[in-house]
Amino acid sequence: MTIERPTIAPEELDTLDLADPRLHAESDLSAVWRHLREREPVHWNPAAGSAPGFWVVTRHADVTSVYRDSTRFTSEGGNVLETLLAGGDSASGRMLAITDGDRHTGLRRILMSAFTSRALAPIVESVRRTVNRLLRDAIEKGSCDFAADVAAGIPLGAICDLLGVPDRDRDHLLSLTSSALGSHDADSTAADAWIAKSEILLYFANLARDRRGSGHSDVIALLAGSSVGGLPLDDDEVILNCYSLILGGDETARLSMVGAALALLNHPDQWQALKRGETGIDTAVEEILRWTTPALHSGRTATSDTVVGGHPVSAGDIVTVWNASANQDEQVFDTPGHLRLNRTPNKHVTFAYGPHFCLGAYLARAEIGAVLTGLRDTVAEMEQTGPTRPVYSNFLSGISTLPLALKPA
Ligand code: HEM
């Protein structure tokens, strides 16, 4: 994504800690990723303070091979640096993204039934209506913060529809998810994130209690009425999996939509090509997903001594795969540093790959597609009216503020 930030030279690699949120928020790492793909595709990020070191995998081929193999590379020790470096995730074996083997297959099968194109049709329809309403309001006002006034209202609304969350609670949940995963503030602490996560869990605990046996048709009721391996899901499993939908599907999708608007603003030729209908929405959505890559990395733990990209890795080592780098791999993408909305094929790993491939990919694509369609059909010109603000995170990438003036078509 084009955000003006100082470029970090590969010579500085030895001084970098790739777990540092400031590094990702405040600098351009594309030269570092290129250097690593070419020279050191499986790089060791040394221990920092009490946090252990970890492997950094940067080539597309190696990233997909780690993703594909959940036997050699488990998610059960955590699937992001934050939990892996802290020694694990207490929801392991119970929350879909950090469960492997038969239990993962069983849980995923239950949730998949709520994420088919057929099951999602009414939610996608409601997403389109919401996008058109928010864009109309933003155009009428003349200026907006595209992040807060447009993008923020879309994915959380869809997830709340899926979960049957009452309207009155939605703003509260939005502010909690921002604090729990990413951060809009360089000084936000791990304690703030922990408090926000606890509040989300408590909220779902109360909602799940109300929904058990209530006859509702939402995902909470679906989970509460399901069994894996012959045993009904307990309250914790219901709550944790609701929580994982909101954390996995809200800010990621928001950041890709804000990134889409910024990308069109910075690439007037591509904006005009979209407006003239020279590029299809579905193809454009894939390039926006590659370009924005809202989830920078995923993490795994090696279950045995093994090899990644020809490099030995020991049992118990933390292995991180960097979508941000794989999506720029010259071996897979022609001119990866150029935004080309009509790029095909487009084998990006923005939604990961293999057994943990994003459950919400269809919904996220529909949301981004609705935003691109809305911008194309209702906006003539976009102008940036103020500075952007980056998200401070080693996992999420993008901007949390994008002041824009939108002129009607
Ligand atoms: C998994 C990214 C939207 C729910 C994942 C993974 C990635 C990802 C990279 C794999 C994590 C891993 O392998 O450890 C994204 C991005 C999105 C997005 C970039 C938006 C642009 C959504 C939405 C939902 C969702 C809208 C649901 C409402 C999930 C779930 C998993 C997952 C439940 C776990 C799947 C499993 O482990 O089997 N996502 N996601 N995501 N995502 Fe998404």
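In what follows, the structure referred to is the one given above.
Predicted model only: the values in this text are computed from it and were never measured. (Residues numbered from 1 in each chain as written. Predicted model: local features only at pLDDT ≥ 70, side-chain atom pairs only at ≥ 80, totals over all residues. Heavy atoms only, no water.)

A. Geometry of the pattern of salt bridges. The full count for this structure, using the stated rule, is 22 salt bridges. One salt bridge connects Lys141 with Asp149, and the closest N-O pair in it is separated by 3.6 Å. Assessed through its relative accessible area of 56%, Lys141 is described here as exposed. The shortest N-O distance in the salt bridge between Arg290 and Glu287 comes to 2.9 Å. One end of the pair is Arg290 and the other is Glu287, both in helix H15 (residues 281–292) and three residues apart, which spans about a single turn. Side by side, Arg290 and Glu287 carry an identical accessibility label, which is buried. A single salt-bridge network, built from bridges that share partners, covers Arg34, Arg37 and Glu330. (Salt bridge = Lys/Arg side-chain N within 4 Å of Asp/Glu carboxyl O. Buried < 20%, exposed > 50% of the residue type's maximum accessible area, 1.4 Å probe, protein only. Helix = DSSP H or I, 4+ residues; strand = E, 2+ residues; numbered from the N terminus.)

B. Structural context of the packing of aromatic side chains. The tally for this structure, following the rule as stated, stands at four aromatic pairs. Ring geometry for Trp44 and Trp55: centres 4.8 Å apart, planes at 65 degrees, overall edge-to-face. Linking Trp44 in strand E1 (residues 42–45) with Trp55 in strand E2 (residues 54–57), this pair joins segments that are 11 residues apart in sequence. What makes Trp44 partly exposed here is its relative accessible area of 35%. Since its relative accessible area comes to 11%, Trp55 is described here as buried. Ring geometry for Tyr203 versus Phe204: centroids 5.4 Å apart, planes at 75 degrees, classification edge-to-face. The exposure classification of Tyr203 matches that of Phe204, with both residues buried. Positioned over the ring face of Phe333 is Arg290, at 5.3 Å from the centre of the ring. (Phe/Tyr/Trp six-rings, centres within 6.5 Å; stacked < 30°, edge-to-face > 60°. Lys NZ or Arg CZ within 6 Å of the ring centre and 35° of its normal.)

C. Structural view of the coordination of the iron atom of the ligand. For the iron atom of the ligand, the protein supplies a single donor, Cys358 (SG), at a distance of 2.3 Å. Within the secondary structure layout, Cys358 lies in the loop between helix H16 (323–326) and helix H17 (361–378). (Donors = N, O, S within 2.8 Å, 3.2 Å for Na, K, Ca; no water.)

D. Quick peek at the environment of Leu201. Tracing the chain through its elements places Leu201 in helix H10 (residues 190–211). In this structure, the C-alpha to C-alpha distance between Leu201 and Asp236, residues 35 residues apart in sequence, is 9.0 Å. Residues in contact with Leu201, not counting those within four places in the same chain, are Ile239, Leu240 and Tyr243. (Contact = heavy atoms within 4.5 Å.)

E. Layout of the nonpolar core. Among the nonpolar cores identified, the biggest contains 93 residues, and Phe204 and Leu372 are the most heavily contacted of them. The next biggest cluster of nonpolar side chains, apart from the first, holds 19 residues, and it includes Leu13, Leu29, Val32 and Phe54. (Core = buried A, V, L, I, M, F, W, Y, C linked by side-chain atoms within 4.5 Å.)

F. Spatial organisation of the packing of helix H13 (residues 251–266) against H17. Viewed as axis vectors pointing N to C, H13 and H17 meet at an angle of 30 degrees, and their least axial separation amounts to 10 Å. Looking at the two axes, H13 sits roughly parallel to H17. In terms of crossing hand, the pair formed by H13 and H17 is right-handed. Touching Ala253, Ser256, Met257, Ala260 and Leu264 of H13 are Glu367, Ile368, Val371, Leu372 and Leu375, all from H17. Among the residues making up the contact of H13 with H17, the classes are represented as eight nonpolar, one polar and one charged. (Axes fitted to C-alpha atoms, helices over the stretch in contact; angles between N-to-C directions. Parallel < 35°, antiparallel > 145°, perpendicular 65-115°, else oblique. Left-handed = near helix turned anticlockwise from the far one by under 90°. Nonpolar A, V, L, I, M, F, W, Y, C, P; charged D, E, K, R; others polar.)

G. Focus on the packing of helix H8 (residues 155–163) against helix H9 (residues 170–180). For the pair H8 and H9, the least separation of the axes is 11 Å and the interaxial angle reads 115 degrees. For the element pair H8 and H9, the recorded crossing hand is right-handed. Two secondary-structure elements touch here, H8 through Leu156, Gly157, Cys160 and Asp161 and H9 through Arg170, Leu173 and Leu174. Tallied by class, residues from the contact of H8 with H9 come to four nonpolar, one polar and two charged.

H. View of the site of the ligand. In the neighbourhood of the ligand, 27 residues make up the surrounding shell, with His104, Arg108, Arg300, His356 and Cys358 lying closest. Here an oxygen atom of the ligand sits 2.6 Å away from a polar atom, N or O, in the side chain of Arg108. Residue assignment for the shell around the ligand shows that the elements contributing at least two residues are helix H5 (101–112), helix H12 (235–249), H13 and strand E7 (297–302). When the residues that make up the shell around the ligand are grouped by side-chain class, the tally is 15 nonpolar, 10 polar and two charged. (Near = heavy atom within 4 Å. Polar contact = N/O pair within 3.5 Å; in protein donor to acceptor, adjacent residues only side chain to side chain.)

I. Region of interest: the sheet that holds strand E14 (residues 403–408). Spatially, E4-E14-E11 is the arrangement adopted by the three strands of the open sheet, whose pairing is antiparallel. A strand with exactly one partner marks an edge of an open sheet, and here the two such strands are strand E4 (143–145) and strand E11 (379–384). Neighbour-to-neighbour, the strand axes of this sheet turn through a mean angle of 30 degrees, independent of strand direction. Pairing of E4 with E14 involves three bridges; the strand directions are antiparallel. (Pairing = 2+ DSSP bridges.)

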